[in-house]
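Structural features, examined
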Amino acid sequence: AQTVTQSQPEMSVQEAETVTLSCTYDTSESNYYLFWYKQPPSRQMILVIRQEAYKQQNATENRFSVNFQKAAKSFSLKISDSQLGDTAMYFCAFMRDGGATNKLIFGTGTLLAVQP
Amino acid sequence: DVKVTQSSRYLVKRTGEKVFLECVQDMDHENMFWYRQDPGLGLRLIYFSYDVKMKEKGDIPEGYSVSREKKERFSLILESASTNQTSMYLCASKAPGAAGYNEQFFGPGTRLTVL
């Protein structure tokens, strides 16, 4: 069974600085997808960034980028130039490739606070 | 934009009551999911549905059932609510297979308290 581990329950960063959130996973699959989802306080969960395991190039979305290390089964999220609106719970998630439903397996989350 | 709505943001029920949580999506997605979110545990899958009237158990189905009579609507049912079902419930929908780059779209959540 696949598992996702986020070892940092809470983190804090100053506005405009860079922060990295850690995520490791365990799987015997070779094809899969990894995601970072963001859940702002009292707001809906939204997708931040995704990575296909077969792609060696790390995904980037504006100020958000990932460091995907397939052999180490590591998938960290880097947020550059942190903004107050980045304050949220961040979840790392794994999805096995193939099948009609593609269930997500979530980590326990990292609560990020961006300080002014 | 995909929109996933849930019938209530906050709900308070008594032990033993039958509880219905409703979820509606407007993007014609085949796949719909119900998760439970608890502090320190992340999101855990309760049930999912890959088509109308089709459903499968997730990781924690005990005490829950679901109904999907129409494609856009997926209901979670607590047959006899218990205090350990006090939690945040999130609904999500997704296009089938790798369509839509496998993104799941979430509703705003229902915070259920069982007294």
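Residues numbered from 1 in each chain as written. Chains lettered and ligands numbered in written order. Predicted model: local features only at pLDDT ≥ 70, side-chain atom pairs only at ≥ 80, totals over all residues. Heavy atoms only, no water.

We now examine the packing of aromatic side chains. If you walk through the whole model with that rule in mind, you get 15 aromatic pairs over all chains. With a centroid separation of 6.2 Å and an interplanar angle of 25°, the aromatic rings of B:Phe33 and B:Phe48 are classed as stacked. Of the two residues, B:Phe33 sits in strand E4 (residues 31-38) while B:Phe48 sits in strand E5 (residues 42-51), which places them 15 residues apart along the sequence. Residue B:Phe33 is classed as buried on the basis of its relative accessible area of 0%. The class for B:Phe48 is buried, based on a relative accessible area of 1%. Members of the aromatic cluster, connected to one another through ring pairs, are A:Phe35, A:Tyr37, A:Phe91, A:Phe106, B:Phe33, B:Tyr35, B:Phe48 and B:Phe106. (Phe/Tyr/Trp six-rings, centres within 6.5 Å; stacked < 30°, edge-to-face > 60°. Helix = DSSP H or I, 4+ residues; strand = E, 2+ residues; numbered from the N terminus. Buried < 20%, exposed > 50% of the residue type's maximum accessible area, 1.4 Å probe, protein only.)

Attention shifts here to the interface of chain B and chain A. When the parts of a complex come together, some accessible area is lost, and that lost area is often used as the size of the interface. Residue-level contacts link 26 residues of chain B with 20 residues of chain A. For the pair chain B and chain A, the two sides together bury roughly 1,800 Å², of which 54% comes from carbon and sulfur. Considering only the surface of chain B that becomes buried against chain A, B:Leu43, B:Asn102 and B:Phe106 emerge as the three largest contributors, covering 27% of it. Our count for the contact surface shared by chain B and chain A stands at one salt bridge. A salt bridge links A:Arg50 to B:Glu103, with the shortest nitrogen-to-oxygen separation between them at 4.0 Å. (Contact = heavy atoms within 4.5 Å. Buried area = accessible area lost by both parts, 1.4 Å probe. Salt bridge = Lys/Arg side-chain N within 4 Å of Asp/Glu carboxyl O.)

Quick look at the side chain of A:Thr110 now. With respect to the helices and strands, A:Thr110 occurs in strand E12 (residues 110-115). In this structure A:Thr110 touches A:Gln6, A:Gln8, A:Pro9, A:Met11, A:Leu21, A:Ala88, A:Met89 and A:Tyr90, once residues within four positions along its chain are discounted.

The next subject is the pairing of strand E5 (residues 32-39) of chain A. In summary, the side chains of a regular strand alternate between the two faces of the sheet. Residue and element names in this part refer to chain A. Summarising burial for E5: eight of the eight residues are buried, a large majority. What you see with E5 is no split at all: Tyr32, Leu34, Trp36 and Lys38 on one side and Tyr33, Phe35, Tyr37 and Gln39 on the other are buried throughout. Strand direction decides the pairing type here: E5 and strand E10 (residues 88-96), joined by eight bridges, are antiparallel. Considered in E10, the bridge of lysine 38 is made with tyrosine 90. (Pairing = 2+ DSSP bridges.)

Further remarks concern the pattern of salt bridges. Residue and element names in this part refer to chain B. Overall, the coordinates contain 11 salt bridges over all chains when judged by the stated rule. In this structure, lysine 53 engages glutamate 69 in a salt bridge whose closest nitrogen and oxygen atoms are separated by 2.5 Å. Pair noted here: lysine 53 is in the loop between E5 and strand E6 (54-57) and glutamate 69 is in strand E7 (residues 64-70), with a separation of 16 residues, a long-range link. Glutamate 69 sits in the exposed class, given a relative accessible area of 52%.

Moving on: the state of the cysteines. Counted according to the given criterion, the structure contains two disulfides over all chains. Residue A:Cys23 pairs covalently with A:Cys92 via a disulfide, S to S 2.0 Å. The disulfide joining A:Cys23 to A:Cys92 has a torsion of about -70° about its S-S bond and is therefore left-handed. Residue A:Cys23 is located in the loop between strand E3 (19-21) and strand E4 (24-26), and its partner A:Cys92 is located in strand E10; the two are separated by 69 residues in the primary sequence. Each sulfur in the disulfide pair B:Cys23 and B:Cys91 lies 1.9 Å from the other. Taking the sign of the S-S torsion, -75° for the link of B:Cys23 and B:Cys91, the bridge is left-handed. Of the two residues, B:Cys23 sits in strand E3 (residues 19-25) while B:Cys91 sits in strand E9 (residues 87-94), which places them 68 residues apart along the sequence. Taken as a pair, B:Cys23 and B:Cys91 share a single burial class, namely buried. (Disulfide = S-S within 2.5 Å.)

Right, let's get into the environment of A:Glu10. Mapped onto the secondary structure, A:Glu10 falls in strand E2 (residues 10-14). Once the C-alpha coordinates of A:Glu10 and A:Tyr90 are considered, the two residues, 80 residues apart in sequence, prove to be 9.8 Å apart.

The subject of this paragraph is the pairing of E4(B). All names here are of chain B. Among the eight residues in E4, eight count as buried, and that is most of the element. Relative to E5, E4 is paired through seven bridges, and the arrangement is antiparallel. If you follow tryptophan 34 over to E5, its bridge partner there is tyrosine 47. Where E4 folds back on E5, the antiparallel hairpin that results is connected by three residues, among which glycine 40 adopts a positive phi of roughly 80°.

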